[in-house]
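Examining the three-dimensional arrangement
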Amino acid sequence: MDDEIQLISDGDGLAVIGDPTAVERFLISEGLPSKDLGLQRLRPALGAAAGVVQAGSEIAANSGRWVKLTQESAEQIKKFGLMTSSKTGLSSGVVQGKGGQIKGIVQFVRGPGSLATNPAVLAGAAGIMAQVAMQQAMDEITDYLATIDQKVDDLLRAQKDAVLADMIGVDLVIEEAMIIREQVGRVSEVTWSKVQATSVTLARTQAYALRQLDALAKKMEDKTKIGDLATASKEAESKVQEGLAVLARCFQLQDAIAVLELDRVLDASPEELDQHRLALRAARQNRLQLIARSTQHLLARMDAAAGTANTKVLLHPKPSRAVVDSSNHVAVAVVDFHGRLGIERDRQSWEARRWVDAAVEVRDKALETGAGGVDAARLLGNETLDRARSVTGKLSSGIAGRAFRRRGDDDERDEEG
């Protein structure tokens, strides 16, 4: 008998549904890592919905796995030519195989035996997919917060600001609700009543953190002297990571609320689940755009500062290098942050101009101007050349590589000095 595997994609993930053995064989053959979709949760939630009873046995018999769509996995499933619905935004299809071999032949979902032919079941599966995707994102943010220099919990507890203090309380409430959800398997009206007002506090905290980043960018705009620019850059370097940590924690908790909210809608008004899923998706994208706009503006100001510093590296070597280093530190932090939240943006880090490059440029210009350039050419004496030699070369063009090697390079320069 032919194996039949149903594929459903919402753009963030891929649900692979079918006989457990067939699903496992498909995932192995395609080399796709996956996690349990939790398809069985649909049975009690949709059991009373019209037309769902006939699909109950199908839900019980089938296995569901979720695959995160990365650039690579998205390319892999593109060959299956899934059909996209303009109403739900979901792409679906059926892959058939025979004798244990997946053929890669796609047909449109059809027939009463297919789960995806039932709108209620399809909406429920899409809702669960959205939850799994957000929980995956929450896990990645947890990993991010664990890798930064100062963990967000320590950071927040050290703050005296009332806005951040409120966020700590919200964190505890949401964490409790997630534990209850995990134990009970649903979100009751009582559980939801505890968390439904917390989104206001998180929105206020997010706005606060964004204003802090905007203030740092504004300080960079107001500085014209290289010394002041170096001071402002150093301040940004120390404070940006804190602001990003607060934003990351806010975003993580907002995703947790969305997970709880989808459960509540699935339990109370399953017919509204699909529309609610799409609305939450739009709201989440809007939050990402707000964060991206603010952080990218800060990067632009840091880049502009690095550009200014590079034009003054000969006359002000130490503060110029400090500005560029701070800019690259901020870039490392922001690019990592963007990657964890799924914000894609190409950026090349600034490279401090080598002393020797700037010195040669001044020398050439001085020689061209004749006698008037003699005094300028004297700048290329032993002191200047010694400084030039202290620069071991251009920084690595890769942002991550620069951050990794900076400590070792600085130690080496100290020894050579």
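Above this text you will find the structure in question.
What counts, and where the lines are drawn
- Residues numbered from 1 in each chain as written.
- Predicted model: local features only at pLDDT ≥ 70, side-chain atom pairs only at ≥ 80, totals over all residues.
- Heavy atoms only, no water.
- Buried < 20%, exposed > 50% of the residue type's maximum accessible area, 1.4 Å probe, protein only.
- Helix = DSSP H or I, 4+ residues; strand = E, 2+ residues; numbered from the N terminus.
- Pairing = 2+ DSSP bridges.
- Salt bridge = Lys/Arg side-chain N within 4 Å of Asp/Glu carboxyl O.
- Phe/Tyr/Trp six-rings, centres within 6.5 Å; stacked < 30°, edge-to-face > 60°.
- Lys NZ or Arg CZ within 6 Å of the ring centre and 35° of its normal.
- Expected span 1.5 Å × (residues − 1).
- Contact = heavy atoms within 4.5 Å.
- Axes fitted to C-alpha atoms, helices over the stretch in contact; angles between N-to-C directions.
- Parallel < 35°, antiparallel > 145°, perpendicular 65-115°, else oblique.
- Left-handed = near helix turned anticlockwise from the far one by under 90°.
- Nonpolar A, V, L, I, M, F, W, Y, C, P; charged D, E, K, R; others polar.

1. Here's the deal with the pairing of strand S2 (residues 13-18)
- The buried fraction of S2 amounts to 6 of the 6 residues, a majority that puts the element mostly inside the structure.
- Residues of S2 alternate between two faces, with Gly 13, Ala 15 and Ile 17 on one and Leu 14, Val 16 and Gly 18 on the opposite face, all of them buried.
- With 4 bridges joining them, strand S1 (residues 3-9) and S2 adopt antiparallel strand pairing. Counterpart to Ile 8 in the pairing with S2 is Ala 15.
- Where S1 hands over to S2, the hairpin turn is made up of 3 residues, of which Gly 11 adopts a positive phi near 95°.
- Here S2 pairs with strand S4 (residues 63-68) via 6 bridges, running antiparallel. For Val 16, the partnering residue across the bridge sits in S4 and is Arg 65.

2. Digging into the pattern of salt bridges
- The tally for this structure, following the rule as stated, stands at 18 salt bridges.
- Between Asp 255 and Arg 284 there is a salt bridge; the shortest N-O distance is 2.9 Å. Highlighted residues: Asp 255 in helix H10 (residues 226-268) and Arg 284 in helix H11 (residues 273-311), separated in sequence by 29 residues.
- Judged by its relative accessible area of 0%, Asp 255 is buried.
- For the salt bridge of Asp 267 with Arg 264, the shortest nitrogen-to-oxygen distance reads 3.3 Å. Placement of the pair is Asp 267 and Arg 264 together in helix H10, with a separation of 3 residues, close to one helical turn.

3. Looking at the packing of aromatic side chains
- Going through the model one piece at a time under the given rule, you end up with 1 aromatic pair.
- A cation sits over an aromatic face here: Arg 287 above Phe 251, 5.2 Å from the ring centre.

4. Observations concerning helix H7 (residues 162-184)
- Taking 1.5 Å per residue, 23 residues should reach 33 Å; H7 reaches 33 Å between its end C-alpha atoms and fits that length.
- All buried positions along H7 are accounted for by Val 163, Leu 164, Met 167, Val 170, Asp 171, Ile 174, Ala 177, Met 178 and Arg 181.
- One or two steps after H7, the chain reaches Gly 185, where phi turns positive at roughly 90°.

5. Section: the environment of Pro 319
- Assignment of secondary structure puts Pro 319 in helix H12 (residues 317-341).
- A sequence separation of 92 residues divides Pro 319 from Gly 227, and the C-alpha atoms of the two residues are 6.0 Å apart.
- Residues in contact with Pro 319, not counting those within four places in the same chain, are Ile 226 and Ala 230.

6. Regarding the packing of helix H5 (residues 119-147) against H10
- Their axes nearest at 9 Å, the elements H5 and H10 cross at an angle of 155°. Considering the angle they form, H5 stands roughly antiparallel to H10. Crossing of H5 over H10 shows left-handed handedness.
- For the contact of H5 with H10, the per-class residue count stands at 15 nonpolar, 6 polar and 3 charged.

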